Amino acid sequence: MSLVPKVIFENALVHIPDFYEKGEKRVIAIELMTSHLNIDANELLKNTMEIDDSSVYYQNFLADLNRIEKGEPFQYVEGEVKFNGLSFNVEQGVLIPRPETEELALWVEEELNGKVGKGLDIGTGSGCLGIYLGKKLPGLNFICLDVSGQALKIAEKNADLNAVPIDFLQHDFLDSFPSVDQLSVIVSNPPYVTLAEKDSIRPNVLEFEPSIALFPPGPDPFIFYRRIEEFGREHLEPGGKVYLELPENSSGTIFKIFNSNKWTNKKLKKDLFGKERMFRAQLA
Ligand SMILES: C[S@@+](CC[C@H](N)C(=O)[O-])C[C@H]1O[C@@H](n2cnc3c(N)ncnc32)[C@H](O)[C@@H]1O
């Protein structure tokens, strides 16, 4: 049987779970149709093409739609996300990069333009922060560190994909500090979701994204931030900087954690939604 784009589109919308907003559902349906059936938004308007529902393309489209219907994040199904215009592979086992992390990367890029030295990305996941910055700031050689071997495998692929020379390090940052050369910059988006916030997270995030990437262990949600502060004092060069993504409503706590007079030039930055989600400090 032959199907026209409008029918395929409307049928897809029915199968995309309701935890996606209406606009998101439309984007997902069009992306799936574009990648499998070569039907983009223009073609949808024209509605002239006909797709054979027994074709391999259509069956693959249905298979992916089925994964989405079962709750798997769209980005895992597609296998790729854009991070400030660069492509990153993602699959289960690695956190899907978030828009606020893109904003953090842009802030670092803007402030460290032309900088030469070494950088460390703590909890690199897909490698989005370290690889993006390594690409945009070629004077900085980044080490991307993660405790998860699965995440590092994907990050290594992403470094190749973007042709960025990166050193990778599998290390448990809460267990001990890695031995690294003096650093010019530390960036991190560490796990920071509290168990109390678990209920407000979309079910498909909890089910499919790695919990080690979301939740810090133990009762202290700021454990990574305290460790990074201590590590930064020991391993940054004078004038070196640390840039961190923050949980919401944590500006008071982060200033308390970075209260040593060894830190100067402390600054919070708001994201596009006006929330203070980024922090920078500089070693005196
Ligand atoms: C919030 S995710 C951030 C991933 C990526 N940087 C991003 O922004 O999309 C936190 C990362 O920290 C890693 N992680 C968790 N515990 C860790 C530990 N003890 N030592 C090192 N990395 C850890 C997780 O595997 C995960 O990749």
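As the structure is a computational prediction, the values presented were derived from the model and not from experiment.

Our focus in this paragraph is the overall build of the chain. A tally of helices and strands in the chain yields twelve helices and eleven strands. Every one of the 284 residues in the chain was classed for burial, and the buried ones make up 37%. When contacts within the chain are restricted to residue pairs at least 6 apart in sequence, long-range pairs at least 24 apart make up 66% of them.

Right, let's get into the pairing of strand β6 (residues 140-146). The element β6 is largely enclosed, with a buried count of six among its seven residues. Here strand β5 (residues 117-122) runs beside β6; their pairing, made up of six bridges, is parallel. Its bridge partner lying in β6, Gly-119 is registered against Phe-142. Between β5 and its parallel partner β6, the chain crosses via helix α7 (residues 128-136), and the hand of that crossover is right-handed. As defined by bridge partners, β6 adjoins strand β7 (residues 167-170) across four bridges and the pair is classed as parallel. Bridge assignment links Asp-146 to a residue of β7, and that residue is Gln-170. For the handedness criterion, the β-α-β arrangement of β6, helix α8 (residues 149-161) and β7 is classed as right-handed.

So, about the domain arrangement of the chain. When its domains are assigned, the chain resolves into domain 1 (2-70) and domain 2 (92-283). The centre of domain 1, based on its C-alpha atoms, is set 36 Å off from the matching centre of domain 2.

Strand order in this open sheet of seven strands is β7-β6-β5-β8-β9-β11-β10, and the pairing throughout is mixed. Edge positions in the sheet fall to β7 and β10 (263-270), since each of these pairs with one other strand and no more. Taken pair by pair, the neighbouring strands of this sheet meet at an average axis angle of 15°, ignoring direction. Of the pairings in the sheet, the one linking β10 to strand β11 (residues 276-283) comprises six bridges and is antiparallel in character. Bridged to Trp-263 within β11 is Leu-283. Of the strands in this sheet, β8 (183-188), β9 (236-245), β10 and β11 touch helix α6 (residues 99-111), which is tilted by about 155° from β9. Across the sheet, helix α11 (residues 223-235) is in contact with β5, β8, β9 and β11; its angle to β9 comes to roughly 160°.

The rules we used
Residues numbered from 1 in each chain as written. Predicted model: local features only at pLDDT ≥ 70, side-chain atom pairs only at ≥ 80, totals over all residues. Helix = DSSP H or I, 4+ residues; strand = E, 2+ residues; numbered from the N terminus. Buried ≥ 20, exposed ≤ 12 C-beta atoms within 10 Å, placed from the backbone. Contact = placed C-beta atoms within 7 Å. Pairing = 2+ DSSP bridges. Right-handed = clockwise from strand over helix to strand, strands pointing away. Domains from an automatic or database assignment. Axes fitted to C-alpha atoms, helices over the stretch in contact; angles between N-to-C directions.

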